[in-house]
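# Results of the structural survey
Each chain, written out:
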Amino acid sequence: MLQVNFIENNKDLVINGLGVRGFKEIDLVETIIKKDTLRRNTQSELDKLLAERNQASKVIGKLFSEGKREEAEQMKNRVTEIKAAVEKLNEALNAAKQDLQQALVQLPNIPHPSVPPGNTDADNEVFKAWEGELPNGGEAGTPHWELGKKFNLLDFDLGVKITGSGFPVFLGKGAKLERSLISFFLDEATKAGYLEVVPPLMVNSASAYGTGQLPDKEGQMYHITEDELYLIPTAEVPITNIYRDTILKESDFPIKLCGYTPCFRREAGSYGKDVRGLNRVHQFDKVEIVRFEHPEKSYAALEDMLLHVESLLDRLELPYRILRLCGGDLGFTSALTFDFEVWAGGQGRWLEVSSVSNFETFQANRLKLRYKDANGKTNLAHTLNGSALALARIVAALLENNFDGQVIRIPEVLQPYTGFDVIE
């Protein structure tokens, strides 16, 4: 969430940034400024009355002690009037604050200056292209859903029977491959200085609000209405909320956390060939890396996170490219996002497997996550997160790219985890 004073002091910057996003409700900026003016005026009027009441209360005692009973009674009547006015102003102030808050949460983050303009994923910029050969291109390849069935690795029909569409069942060496990838990603994150966390798989509404899932993405989350809890769409949500309502010291930075969780997404409205098999599912495994940084160092941290994800894909021997998301494809809370896509040879297409983002102060403002600088001044921290990595599509690409027509080769880096070098 943007800070009101930032919006007021940088009105043109905010409007231009929203334009890069293709955000239509530009009038919301002026609405927020007007609502904050009303809030401040109401607060000022309330403060004046409270000061008058405090002063009057002191005078009343003095008047009584001096025997000026009539003047004291008049002053008491004035205090009674002030109390009634204060009650009304408190109600008006609370209403003004709520009204302002409801407007603020509708405003997305302002894009970083490097974010290209554009409306859809077709306008995303290729930040780093793949320069090598792409395996198993086009119609000659075998898609992972056929390989999963052929080698008894995946059963989509069984998932439908147990739960419904979008809940695959991993079997045998397919299950072992999934588990091996999780262990590999966690081990690499730990080596890179991330502290492993095992967070809850459900969060309350305050946590979902803190990272920006509410009120923007409630339709994409599974909601347990009786307990007012949400199944997590990513480990980012519970891990980032570890530092909700926290004041850090400058010396605490950087804070680097990682965690493996299943992720749950309703993916409402998803259909067609692009969602077949593991391409888009309602439950999938993911290892997430999360960082809390000093504002002056967050973009250096973002570069470090990109290099970390690249190293994982390099060691898995997967062709990949990196996209810088355009304004129209940028997530609601993000200032800058890079997507990693891997080549799935059996389908002859790119699959997104990671998003690495800097949210700057947007999440921290919602979370009330702050730090004290050397001068004792309180500032908002910067938050970042990235998939390192999302498993379902990684498995799809590994199966498709490493099938030679007879067996599926396991990348060397995974063999100590799987205990086998081929699937046959």
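In this report, we go over the structure that sits alongside the text. Everything numeric in this text was worked out from a predicted model, so none of it was measured.

About the cut-offs
- Per chain, the residues get numbers from 1 upward, laid out in the order the sequence is written.
- Reporting of local features is limited, given that this is a predicted model, to residues whose pLDDT is at least 70; pairs of side-chain atoms are given and counted only at 80 or more, and all residues count toward the totals for whole chains, interfaces and linings.
- Calculation of side-chain values draws on the structure's entire complement of heavy atoms; hydrogens and water are dropped beforehand.
- Think of it in three bands: residues with accessible area under 20% of the maximum for their type are buried, residues over 50% are exposed, and the middle band is partly exposed, with areas taken using a 1.4 Å probe on protein chains only.
- Segments assigned H or I by DSSP are reported as helices when at least four residues long, segments assigned E as strands when at least two residues long, and all are numbered from the N terminus.
- Each pair of strands is called paired provided DSSP finds at least two bridges between the two strands.
- Contact definition: two residues touch when any of their heavy atoms are within 4.5 Å.
- Geometry is summarised by axes, namely lines fitted to C-alpha atoms with helices restricted to the contacting stretch, and by angles between N-to-C directions that run from 0 to 180 degrees.
- Residue types Ala, Val, Leu, Ile, Met, Phe, Trp, Tyr and Cys, when buried and joined through side-chain atoms within 4.5 Å, form a set referred to as a nonpolar core.
- For each structure, a 1 Å grid was placed over the protein atoms alone; sets of points admitting a 1.4 Å probe that cannot get out are labelled cavities, open sets with protein on both sides within 12 Å along at least five of seven lines are labelled pockets, and lining residues have an atom within 4 Å of a point.
- Grid points are joined across faces, edges and corners, and a volume is the space filled by probe spheres set on the points.
- Throughout this entry, Asp, Glu, Lys and Arg are counted as charged residues, while Ala, Val, Leu, Ile, Met, Phe, Trp, Tyr, Cys and Pro are counted as nonpolar. The remaining residues, Gly among them, count as polar.

Moving on to the pairing of strand 16 (residues 382-390). Buried residues dominate strand 16, accounting for nine of its nine residues. Sheet topology places strand 10 (residues 283-293) next to strand 16; seven bridges connect them, and they run antiparallel. Within strand 16, the position partnered with Glu 288 by the bridge is Ser 387. Looking at chain direction, strand 13 (residues 349-360) and strand 16 are connected through four bridges and run antiparallel. Its bridge partner lying in strand 16, Asn 358 is registered against Leu 384.

If you trace the eight strands from one edge of the open sheet to the other, you get 1-11-12-13-16-10-9-4, paired in mixed fashion. At either margin of the open sheet sits one strand with a lone partner, and together these are strand 1 (125-128) and strand 4 (195-196). Strands strand 4, strand 9 (255-264), strand 10 and strand 16 of the sheet are contacted by helix 7 (residues 172-191), whose axis makes an angle of about 5 degrees with strand 10. Set on the sheet, helix 12 (residues 391-401) makes contact with strand 10, strand 12 (336-344), strand 13 and strand 16; between it and strand 12 the angle comes to about 30 degrees.

Let's shift gears to the nonpolar core. Ranked by internal contacts, the top residues of the largest apolar core, which has 60 residues, are Leu 181 and Ile 394. Counting 19 residues, the second-largest nonpolar core is a separate cluster that includes Val 14, Val 29, Leu 100 and Ile 110.

Time to look at the sheet that holds strand 14 (residues 369-372). The three strands lie next to each other as 8-14-15, forming an open sheet whose pairing is mixed. On the outer flanks of this sheet lie strand 8 (246-249) and strand 15 (378-380), each paired with one strand and no other. On average, adjacent strands in this sheet sit at an angle of 35 degrees to one another, irrespective of strand direction.

A word on the layout of surface pockets. If a probe as big as a water molecule is rolled over the atoms, it shows which places are left empty. What the largest pocket holds in volume is close to 1400 Å³. Forming the walls of the largest pocket are 48 residues, and the residues nearest its centre are Arg 265, Arg 280, Asp 339, Glu 352 and Ser 355. Broken down by secondary-structure element, the contributors of at least two residues to the lining of the largest pocket are strand 10, strand 11 (320-324), strand 12, strand 13, strand 16 and helix 12. For the lining of the largest pocket, the element with the highest residue contribution is strand 13, accounting for nine residues. Looking at side-chain class alone, the lining of the largest pocket contains 16 nonpolar, 16 polar and 16 charged residues.

Another aspect to go through is the pairing of strand 12. Taken across its nine residues, strand 12 has nine buried, putting it largely inside the fold. Burial of the side chains of strand 12 extends over both faces: Leu 336, Phe 338, Phe 340, Val 342 and Ala 344 are buried on one face and Thr 337, Asp 339, Glu 341 and Trp 343 on the other. The pairing of strand 11 with strand 12 spans five bridges and is classified as antiparallel. Bridged to Tyr 320 within strand 12 is Val 342. As judged from the nine bridges shared by strand 12 and strand 13, these two strands associate in the antiparallel manner. Opposite Leu 336, over in strand 13, you have Asn 358 as the bridge partner. The loop that links strand 12 with its antiparallel partner strand 13 comprises four residues; one of these, Gly 348, has a positive phi angle of about 65 degrees.

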